[in-house]
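This is what each chain is made of:
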Amino acid sequence: MNVALCLIIIIICSSLSKNDYQAQLNMYVCICHGIKEKDIQQAIDAGAESVRDLRKKLDLGSQCGKCVCYAAKMIKNTKGDLNYDLAIAV
């Protein structure tokens, strides 16, 4: 990737305000059931560890299934953050 493009992306991301982040959390992930990113994040924070867990809690992925990949990435990112935090704590 071009260095200039990377710098532009970093500048844009660092300039996002708290409101921009909140707007992102209000993004619909599952149109079929009206599930937003914040709903998925809350379920993950409450203990959901797999897409199967999200399906049980939110009925995510039970219709067209287009939301499953995004939800799986959210789980992976959350678990990755946890593993990183644990590595620093040691």
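Residues numbered from 1 in each chain as written. Predicted model: local features only at pLDDT ≥ 70, side-chain atom pairs only at ≥ 80, totals over all residues. Heavy atoms only, no water.

What follows deals with the overall build of the protein. Each helix and strand in the protein was counted, giving five helices and two strands. Moving toward the C terminus, one meets the helices and strands of the protein in the order α-α-β-β-α-α-α. Within the span of the protein, comprising 90 residues, buried residues form 17% of the whole. Put simply, 38% of the contacts in the protein that link residues at least 6 apart link residues at least 24 apart. Accessible surface computed for the protein: about 6700 Å², of which carbon and sulfur atoms make up 58%. (Helix = DSSP H or I, 4+ residues; strand = E, 2+ residues; numbered from the N terminus. Buried < 20%, exposed > 50% of the residue type's maximum accessible area, 1.4 Å probe, protein only. Contact = heavy atoms within 4.5 Å. Areas by Shrake-Rupley, 256 points an atom, 1.4 Å probe, with all protein chains shown as cover.)

Relative to the elements of secondary structure, G47 occurs in the loop between α3 (37-45) and α4 (51-58). G47 sits in the partly exposed class, given a relative accessible area of 41%. Residue contacts for G47: discarding those within four places in its chain leaves D53 and K57.

By the secondary structure assignment, Y70 is in helix α5 (residues 68-89). The exposure class assigned to Y70 is partly exposed, which follows from its relative accessible area of 31%. Note: C-alpha distance between Y70 and V51 (19 residues apart in sequence) is 9.9 Å.

Between α3 and α4, the least distance of the axes is 10 Å, while the angle of their chain directions is 110 degrees. As judged from the angle between their axes, α3 and α4 are roughly perpendicular. Remark: the crossing between α3 and α4 carries right-handed chirality. Residue-level inspection shows D39, I40, A43 and I44 of α3 in contact with α4, the latter providing L54, K57 and L58. Per-class residue counts for the contact of α3 with α4 are five nonpolar, no polar and two charged. (Axes fitted to C-alpha atoms, helices over the stretch in contact; angles between N-to-C directions. Parallel < 35°, antiparallel > 145°, perpendicular 65-115°, else oblique. Left-handed = near helix turned anticlockwise from the far one by under 90°. Nonpolar A, V, L, I, M, F, W, Y, C, P; charged D, E, K, R; others polar.)

Turning to α3, a few remarks are in order. Buried within α3 are the following residues: E37, I40, A43 and I44. For α3, the buried positions fall inside an angular range of 125 degrees around the axis, keeping them on one side. Exposed positions of α3 whose direction lies more than 90 degrees from the buried face are Q42 and D45. Downstream of α3 by one or two residues, G47 has phi in the positive range, about 125 degrees. (Arc of directions from axis to C-beta.)

Despite not being glycine, D59 shows a phi value in the positive range, around 65 degrees. Look at D59 and you get partly exposed, because its relative accessible area is 35%.

Position of Q41 relative to the elements: it lies in helix α3. Reaching out from Q41, the side chain makes a polar contact with the side chain of T78 at a distance of 3.5 Å. (Polar contact = N/O pair within 3.5 Å; in protein donor to acceptor, adjacent residues only side chain to side chain.)

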